[in-house]
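Structural overview for review
Residues per chain, in single letters:
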Amino acid sequence: MFDLLTQETVNIEDFANYQKDTIQTLVEDGYLKINNEKNVEIDKITFIYIIREIHRNELLSYWHYPKFVRDEIDLLIEKKMLFNETTLFSKEEVKYLNFYLNQKIYTNGYDLRNKYSHGTNTQSEDKHKSDYYLILKIIILTLLKIEDDIIINKKTAANNGYK
């Protein structure tokens, strides 16, 4: 909706009935407005942008946004409209890792951790090679997440005057 409302003129009648309730709620809360021609316009663009980011990515990586967006995120956390966590991996990333490493959530996953820790792995060299590449991918993704956290930590420490 963010891209649509920022790039096009959209009349309230262009939306399906099931969408109008959500739009009306956003109007009542002051995030959108409907002008005299019944066109829907964004009133609080940062809030609508945050909604778009959550819809696209299922989460926000707080320090990857400029200060004015982080300020809005802080307000939404205060209003209990968002919540924050201080973990290396988000819930969706944990699900992704669980798909490859064990069958905690997904029964059709690769179960790499259990396969190799319990000795139930195959004797096929091609299967071992495939599993190796999957494990290597997980290690690289984990290292990239750690590197990202280190870079963010250095930037925030520099901005706050810490060494």
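For the structure, check the block above.
Notes on the structure in this doc start here. (Residues numbered from 1 in each chain as written. Predicted model: local features only at pLDDT ≥ 70, side-chain atom pairs only at ≥ 80, totals over all residues. Heavy atoms only, no water.)

**Observations concerning the nonpolar core**
Across soluble globular proteins, nonpolar side chains show a tendency to be buried alongside one another. If you look at the biggest cluster of nonpolar residues, it comprises 19 residues, and the most contacted ones within it are Leu5, Phe15, Leu32, Val40 and Ile48. Among the elements of the structure, helix 1 (2-7), helix 2 (17-28), strand 3 (39-42), helix 3 (45-57) and helix 4 (67-78) are those that each provide at least two residues to this core. What Phe15 contacts, discounting residues up to four positions off in sequence, is Leu4, Leu5, Val10, Lys20, Ile23 and Val40. Counting residues in hydrophobic clusters, the runner-up holds five residues, among them Tyr100, Leu112, Leu134 and Ile138. (Core = buried A, V, L, I, M, F, W, Y, C linked by side-chain atoms within 4.5 Å. Buried < 20%, exposed > 50% of the residue type's maximum accessible area, 1.4 Å probe, protein only. Helix = DSSP H or I, 4+ residues; strand = E, 2+ residues; numbered from the N terminus. Contact = heavy atoms within 4.5 Å.)

**Focus: the packing of helix 3 against helix 4**
As a packed pair, helix 3 and helix 4 sit with axes 10 Å apart at the nearest point and diverge in direction by 80 degrees. The pairing of helix 3 with helix 4 is recorded here as roughly perpendicular in orientation. The residues of helix 4 that touch helix 3, namely those facing Thr46, Phe47, Tyr49 and Ile50, are Phe68, Val69, Glu72, Ile73 and Leu76. (Axes fitted to C-alpha atoms, helices over the stretch in contact; angles between N-to-C directions. Parallel < 35°, antiparallel > 145°, perpendicular 65-115°, else oblique.)

**As for the pattern of salt bridges**
For the coordinates displayed, the defined rule picks out ten salt bridges. Between Asp3 and Arg52 there is a salt bridge; the shortest N-O distance is 2.8 Å. Of this pair, Asp3 sits in helix 1 while Arg52 sits in helix 3, and the two are 49 residues apart along the sequence. On the accessibility criterion, Asp3 (28% relative accessible area) is partly exposed. It is possible to trace a salt-bridge network through shared partners that takes in Asp3, Arg52, Glu53 and Arg56. (Salt bridge = Lys/Arg side-chain N within 4 Å of Asp/Glu carboxyl O.)

**Description of unusual backbone geometry**
Within the chain, Glu58 stands out as a residue other than glycine whose phi angle is a positive 70 degrees. Counting through the fold element by element, Glu58 comes out in the loop between helix 3 and helix 4. The backbone of Asp111 shows a phi angle near 55 degrees, a positive value even though the residue is not glycine.

**Re the side chain of Thr156**
Topologically, Thr156 is positioned in helix 7 (residues 125-159). In terms of polar contacts, Thr156 uses its side chain to reach the backbone carbonyl oxygen of Asn153, at 3.1 Å. (Polar contact = N/O pair within 3.5 Å; in protein donor to acceptor, adjacent residues only side chain to side chain.)

**Some details on the packing of aromatic side chains**
By the definition in use, this model includes ten aromatic pairs. Ring centres of Phe2 and Tyr49 lie 5.7 Å apart, and the angle between their planes is 65 degrees; on these two criteria the pair is classed as edge-to-face. Of the two residues, Phe2 is situated in helix 1 and Tyr49 in helix 3; the sequence distance between them amounts to 47 residues. Looking at Tyr49, the relative accessible area reads 21%, which means it is partly exposed. Summarising the aromatic geometry, the rings of Phe99 and Tyr110 are spaced 5.6 Å apart at their centres and angled 90 degrees between planes, so their arrangement reads as edge-to-face. One end of the pair, Phe99, is in helix 5 (residues 91-101); the other, Tyr110, is in the loop between helix 5 and helix 6 (112-117), with eleven residues separating them in the sequence. Classification of Tyr110 as partly exposed rests on a relative accessible area of 33%. An aromatic cluster is built from Tyr96, Phe99, Tyr100, Tyr106 and Tyr110, whose rings are joined through pairwise contacts. (Phe/Tyr/Trp six-rings, centres within 6.5 Å; stacked < 30°, edge-to-face > 60°.)

Remember, this is a structural readout, not a statement about activity or role.
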